[in-house]
Structure formats: C-alpha cells, structure tokens
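# Inside the fold
Chain residues, written in single-letter form:
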Amino acid sequence: MTGDPKGNGGNGRAAALAADREAVLAANLRLYESLENGDLEALEEVWLSAADADDKTGVTCVHPGWPVLRGRAQVTRSYLLIMMNTEYIQFFLTDVEVEVQGDVALVTCTENILSGGEAEEEGELGPLVGGKVVASNLFRRTAAGWRLWSHHGSPVLTSGDDEEDEDRPE
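Residues numbered from 1 in each chain as written. Predicted model: local features only at pLDDT ≥ 70, side-chain atom pairs only at ≥ 80, totals over all residues. Heavy atoms only, no water.

## Focus on the confidence of the model for the protein chain
Put simply, the test is: A score between 0 and 100, pLDDT records how confident the predictor is in each residue. It only takes one pair of heavy atoms within 4.5 Å for two residues to be counted as in contact.
On average, residues of the protein chain score 89 in pLDDT, and 88% of them reach the 70 mark or higher. pLDDT under 50 marks residues 1-7. Its contacts with residues more than four places away, or in other chains, come to 5 contacts.

Right, here's the structure in full:
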C-alpha cells in the first residue's frame, strides 16, 4: 500500500499540488510571453480580472525604478507604456521557484532581459541591451484559474569593478 499511512489520500494531495504548481508556472510564463509579443489583451488576462480587482485596488505592480502601482488601470497603463516604448524584448527566466499554499502561489525568478530600442535608420537593427531583474510574482486561484495579484521586480546591479576585484590578490 502506498500513500499517506493514515489513509488521508496523501498521493491525491501531492498530485493536486503538482498540478497547481504546473498551472502557476504556465500562468507565469503567459505573463512574459504576452510582454514579448506586445499583446496587452493577453497580459490583462494574466492579471486578476475586474471582478477580483478594480481600477484603484486589488493588484499591485513594482517595475524596477518605478513607484508602487495600484489597481488594474495603473498596472495596465504601465505595461502599455513599456510595450509602446520597447522595440524588442525577450525574457530568459532562470532560478524559477514556485510555492503553492492553498489558493495563493508565489513564483520567484530571475528575469534575464534582452531588449532593443528603435533603430536610427529604417531597415537597421536598433541597439540591444541586456539586464537582470529578480522578480516575485504572487498569484491567486480564481474561478478562471491562477491569476497574477502582484508583481515586484528589482534590478540586479552588476559592475565591471566587481570582476576586477575578484582578480586582485588580497
């Protein structure tokens, strides 16, 4: 006999937890894919709906270097501004961890970002810039599935000085 020795369906809980983790990871991936594709409608579907969060409260977002944004209107506007002012963006997620506790899930990850600006001349590629952000994405279970409740991104500061210091003898 396998499972919970008390007969409480331990295998069933483990399977449900694994399914929740996969669903949360899929919702997290949709956030980044919608940004890469410049799809504001898909991005809005990742966040809590208007039934769960209104234009003034219910969701929060902190982009690196920005103040706290509250409510669907501010959050949606921020992503629209990012999409309008970013010619190209791609996310390579690393260090992805997910924890599910009941109807709440936390995803932490490192966003390795490659972005590009507008080209100086038509037909040319614009400059590409790399950056690294650590992010916490908090999800809530809703009737429509896992939806983003809060996003917080903090830049990872890197400096060539650090690499030089490593080469110096002490």
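## Re the side chain of Ser 34
Convention followed: Helix and strand definitions follow DSSP, with helices as H or I runs of at least four residues and strands as E runs of at least two, each counted in order from the N terminus. Think of it in three bands: with a 1.4 Å probe and only protein chains considered, a residue is buried below 20% of the maximum accessible area for its type, exposed above 50%, and partly exposed in between.
By secondary structure assignment, the location of Ser 34 is in helix H1 (residues 10-36). By relative accessible area, Ser 34 is classed as buried at 3%. Those residues in contact with Ser 34 that sit more than four places away from it in its chain are Asp 39, Ala 42, Leu 43 and Met 83.

## Thoughts on the pairing of strand S4 (residues 104-116)
The condition is simple: Two strands form a pair only when DSSP identifies at least two bridges running between them.
Inspection of the sheet shows strand S3 (residues 88-101) paired to S4 by 12 bridges, in the antiparallel sense. Bridge pairing in S4 links Gln 90 to Leu 114. The antiparallel pairing of S3 with S4 creates a hairpin that spans 2 residues between the two strands, and Gly 102 there sits at a positive phi of about 65°. Relative to strand S5 (residues 128-142), S4 is paired through 13 bridges, and the arrangement is antiparallel. When the bridges of S5 are listed, Ala 105 appears paired with Phe 139.

## Section: the sheet that holds strand S2 (residues 69-70)
Strands belonging to one sheet form pairs held by backbone hydrogen bonds; the direction of such a pair is parallel or antiparallel. One open sheet holds the 6 strands; their spatial order is S2-S1-S6-S5-S4-S3, and the pairing between them is mixed. Looking along the sheet, the strands with just one partner apiece sit at the ends: S2 and S3.

## Description of H1
Quick note on the threshold: To estimate the expected span of a helix, count its residues, drop one, and scale the result by 1.5 Å.
A rise of 1.5 Å per residue sets the reference length of H1, with its 27 residues, at 39 Å; its end C-alpha atoms lie 39 Å apart and thus fit the reference within 8%. Along H1, the residues that are buried comprise Asp 20, Val 24, Ala 27, Asn 28, Leu 31, Tyr 32, Ser 34 and Leu 35. Close packing links the buried residues of H1 with helix H2 (40-46), helix H3 (71-84), S3, S4, S5 and strand S6 (145-155). Taken from the residues just after H1, Gly 38 is the one with a positive phi, measuring 65°.

## A word on the packing of aromatic side chains
Selection rule: Stacked, tilted and edge-to-face are the three classes assigned to paired rings of Phe, Tyr and Trp, where Trp is represented by its six-membered ring and a pair needs centres within 6.5 Å; plane angles under 30 degrees give stacked, over 60 edge-to-face, the rest tilted.
The tally for this structure, following the rule as stated, stands at 2 aromatic pairs. Both rings, one in Trp 47 and one in Tyr 79, keep their centres 6.2 Å apart while their planes meet at 55°; by these two values the pair is tilted. Taken as a pair, Trp 47 in the loop between H2 and strand S1 (60-62) and Tyr 79 in helix H3 lie far apart in primary sequence, 32 residues in all. Overall, Tyr 79 belongs to the buried group, its relative accessible area being 2%.

## Here's the deal with the nonpolar core
Put simply, the test is: Throughout this description, the term nonpolar core refers to a set of buried Ala, Val, Leu, Ile, Met, Phe, Trp, Tyr and Cys residues connected via side-chain atoms within 4.5 Å.
The biggest cluster of nonpolar side chains holds 29 residues, and the ones touching the most others in it are Val 24, Leu 31, Trp 47, Tyr 79 and Phe 139. Of all elements in the fold, only H1, H2, H3, S3, S4, S5 and S6 reach the threshold of two or more residues within this core. Here this core gets 5 residues from one element, more than from any other, and that element is H1.

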